[in-house]
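Next come the chains, spelled out residue by residue.
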Amino acid sequence: AQSVSQHNHHVILSEAASLELGCNYSYGGTVNLFWYVQYPGQHLQLLLKYFSGDPLVKGIKGFEAEFIKSKFSFNLRKPSVQWSDTAEYFCAVKGYSTLTFGKGTMLLVSP
Amino acid sequence: EAGVVQSPRYKIIEKKQPVAFWCNPISGHNTLYWYLQNLGQGPELLIRYENEEAVDDSQLPKDRFSAERLKGVDSTLKIQPAELGDSAVYLCASSLEGRDREYSSSYNEQFFGPGTRLTVL
């Protein structure tokens, strides 16, 4: 069975700080990896996804993630966060058909 | 383009009462999902439909939960009777999956609705 582990449940940063949210997964086969974001009061939205090819994936709003197969990791990064990045971030892995989510990381960015 | 629509957005009921949630997926999406999201957790799959067929309902508590997707478009999720522990957000998502099973699941994005927040008193 596949599983996802997100390292931090809560992260607090000041504006302009750099962000890295950890995500590790377990699955024996080929995977597709996703980061979803949920802004306060809004529904889940896709931030970025990895299917194949370049392991460094760029998403919306300046976010990127790097797939490191040997470490089973797919960490999310942003060089300089903004107050508007305050949200909950979910890493997800998809094996053959089922999308499995991590528990989420709540990011609070203070102005 | 309209997104995934869910109703109601909020529902408060007493335990042992029945409750139903409705989902209208994105037009043309053949695959529909119901997820359960508890506070502080990520969404967990309850059931997945490909057109009218429930292809994965292994996580659906069948003693009290039921779902249907008549005509392969809208779907309803029902709980009868509701228990205190059912309080959560119920999310619906949809995607367009291709015919080729070997590759289709790898290339399609799930779009989520706003969810229904259920409170059982």
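Refer to the structure printed above.
Residues numbered from 1 in each chain as written. Chains lettered and ligands numbered in written order. Predicted model: local features only at pLDDT ≥ 70, side-chain atom pairs only at ≥ 80, totals over all residues. Heavy atoms only, no water.

This part covers the overall build of chain B. When helices and strands are tallied, chain B shows one helix and eleven strands. When the helices and strands of chain B are listed from N to C terminus, the series reads β-β-β-β-β-β-β-β-β-α-β-β. Its C-alpha atoms put chain B at 45 × 30 × 30 Å along the principal axes. By residue count, 46% of the 121 residues in chain B fall in the buried class. The contacts in chain B between residues at least 6 apart in sequence include a share of 56% that link residues at least 24 apart. Here chain B has roughly 6400 Å² of accessible surface; of this, 49% comes from carbon and sulfur atoms. Taking the average location of the 13 positive side-chain charges in chain B and that of its 17 negative ones, the two points are 7 Å from each other. (Helix = DSSP H or I, 4+ residues; strand = E, 2+ residues; numbered from the N terminus. Buried < 20%, exposed > 50% of the residue type's maximum accessible area, 1.4 Å probe, protein only. Contact = heavy atoms within 4.5 Å. Areas by Shrake-Rupley, 256 points an atom, 1.4 Å probe, with all protein chains shown as cover. Lys, Arg positive; Asp, Glu negative; His and termini not counted. Charge placed at Lys NZ, Arg CZ, Asp CG, Glu CD.)

Turning our attention to the state of the cysteines. Residue and element names in this part refer to chain A. One pass over the full model with this rule turns up two disulfides over all chains. Residue Cys23 pairs covalently with Cys91 via a disulfide, S to S 1.9 Å. Handedness of the Cys23-Cys91 disulfide follows from its S-S torsion of about -65 degrees: it is left-handed. With Cys23 in strand β4 (residues 23-26) and Cys91 in strand β10 (residues 87-94), this residue pair connects regions lying 68 residues apart in the sequence. (Disulfide = S-S within 2.5 Å.)

Looking at the element boundaries, Glu88 of chain A is found in strand β10. Buried and without a salt bridge, Glu88 of chain A has Arg117 of chain B as its closest oppositely charged side chain, separated by 8.7 Å. With near-sequence residues (within four places) excluded, Glu88 of chain A lies in contact with Tyr36, Val37, Gln38, Lys103, Gly104, Thr105 and Met106 of chain A. (Salt bridge = Lys/Arg side-chain N within 4 Å of Asp/Glu carboxyl O.)

Let us look at the interface of chain B and chain A. Taken together, the 21 residues of chain B in the interface contact 18 residues of chain A. Taken together, both faces of the contact between chain B and chain A bury some 1700 Å²; the carbon and sulfur share is 48%. Where chain B meets chain A, there are one salt bridge. For Lys49 of chain A, the salt bridge goes to Glu109 of chain B, with nearest N and O atoms at 3.9 Å. At the boundary of chain B with chain A, the tally comes to two residue pairs in polar contact (both at pLDDT 80 or more). Listed by contribution, the elements that provide at least two residues to the side of chain B that touches chain A are β4 (31-37) and β5 (44-50) of chain B. Residues of the side of chain B that touches chain A, tallied by class, amount to seven nonpolar, nine polar and five charged. (Buried area = accessible area lost by both parts, 1.4 Å probe. Polar contact = N/O pair within 3.5 Å; in protein donor to acceptor, adjacent residues only side chain to side chain. Nonpolar A, V, L, I, M, F, W, Y, C, P; charged D, E, K, R; others polar.)

Further remarks concern unusual backbone geometry. It is generally the case that most residues other than glycine have a negative phi and that most peptide bonds are trans. Along the chain, Ser7 of chain B connects to Pro8 of chain B via a cis peptide bond; the corresponding omega equals -10 degrees. You will see that Ala16 of chain A, though not glycine, has its phi angle at about 80 degrees, which is positive. Structurally, the position occupied by Ala16 of chain A is in the loop between β2 (10-14) and β3 (19-21).

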